[in-house]
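Residue-level structural notes
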Amino acid sequence: MMTTQEILEAVAAGQLSPTAATAQLEATQTADLGFANVDLSRQHRNGFPEVIYGAGKTAPQIAGIIKAMTPQTTPILTTRLTAEKFAALQPALPTAVYHEAAKCMTVGAMPTPKTTDYIAVVTAGTSDLPVAEEAAVTAQAFGNRVERVYDVGVAGIHRLFAKLDIIRGAKVVIVIAGMEGALASVVGGLIDKPLIAVPTSVGYGTNFQGLTALLTMLNSCASGITVVNIDNGFGAAYSASMINQL
């Protein structure tokens, strides 16, 4: 399939009629698969391609969407994918890579970072790692360098101070925490960079599946903190990528 640039160049060179070019341009916008209407022009509009949310989709549906995206998108990222569903996809996608901790799959080589600036992904505890890895893999798939700083929560605050140079060196910081979600406020008070806070559903009963951490982060007294939804490592990485590549 020709890219938009190639189609326009063909028209300019007299190799393609305007009518044929219009038909080809319309074909590059979406792919109607019946069960999905795949957005093929999102990368041109938004800077990043469509990402497949794996939960709720069957393996054949995911494979069909990836086939439609392959001519225009590399790598193709699928989030919230179980190991069992990845196993079912492997025969159709032999080059796919499963990122087990992140529950993500990528098809195609990870891009070279677009900038020397990096995103720091910081977690309060090891239990927050699945959300952190979703953020890290997403950021890498979008062409960012990532530095991981894991298990530096407020219960042992000295661990955070030992990693401050890495955190302060980032262009944007993602802080991921469950329980009471205090780490975002602590880090926010120590850095001069944008901070995206991710509450997680990790914690005992009164964590309320992440609601307590969410409210703590929304009510932070530290300035410069933006909060995304509970367990939304993908959303945090998307925003961080936009900031990192400004």
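Residues numbered from 1 in each chain as written. Predicted model: local features only at pLDDT ≥ 70, side-chain atom pairs only at ≥ 80, totals over all residues. Heavy atoms only, no water.

**Looking at the sheet that holds strand β7 (residues 118-123)**
Strands belonging to one sheet form pairs held by backbone hydrogen bonds; the direction of such a pair is parallel or antiparallel. Test applied: Each pair of strands is called paired provided DSSP finds at least two bridges between the two strands. Segments assigned H or I by DSSP are reported as helices when at least four residues long, segments assigned E as strands when at least two residues long, and all are numbered from the N terminus. Fitting a line to C-alpha atoms yields each axis, with helices limited to the stretch in contact; the angle taken between N-to-C directions then spans 0 to 180 degrees. Contacts were defined at the residue level, with two residues in contact if any of their heavy atoms lie within 4.5 Å.
Strand order in the open sheet formed by five strands is β8-β7-β9-β10-β11, with parallel pairing between adjacent strands. Looking at strand neighbours, the two that pair on one side only are β8 (145-149) and β11 (225-227), the edges of this open sheet. Averaged over all pairs of adjacent strands, the angle between their axes in this sheet comes to 25 degrees, without regard to strand direction. Contacting β7, β8, β9 (172-177) and β10 (195-199), helix α6 (residues 129-141) crosses the sheet at an angle of about 165 degrees to β8. Here helix α10 (residues 211-218) sits on the sheet and contacts β9, β10 and β11; the angle it forms with β10, its principal contact strand, is near 155 degrees.

**Thoughts on the environment of Ala120**
Heads up, the condition is: Buried residues are those whose accessible area, probed at 1.4 Å on protein chains only, stays under 20% of the maximum for their type, while exposed residues exceed 50% and partly exposed ones sit between those limits.
Along the chain, Ala120 falls in strand β7. Classification of Ala120 as buried rests on a relative accessible area of 0%. When the C-alpha atoms of Ala120 and Ile157 are compared, they prove to be 18 Å apart, with 37 residues separating the residues in sequence.

**Focus on the packing of aromatic side chains**
This is how the line gets drawn: When two rings of Phe, Tyr or Trp (its six-membered ring) have centres within 6.5 Å they constitute a pair, described as stacked for plane angles under 30 degrees, edge-to-face for angles over 60, and tilted for the intermediate range.
A full pass over the atoms with the stated rule returns three aromatic pairs. A ring pair is formed by Phe86 and Tyr98, whose centres lie 4.9 Å apart and whose planes are at 20 degrees; its orientation type is stacked. Note that Phe86 is positioned in helix α5 (residues 83-89) and Tyr98 in strand β5 (residues 97-99), a separation of 12 residues in sequence. Comparing Phe86 with Tyr98 shows no difference in burial state: the two are buried. Grouped by ring-pair contacts, the aromatic residues Phe142, Phe234 and Tyr238 constitute a single cluster.

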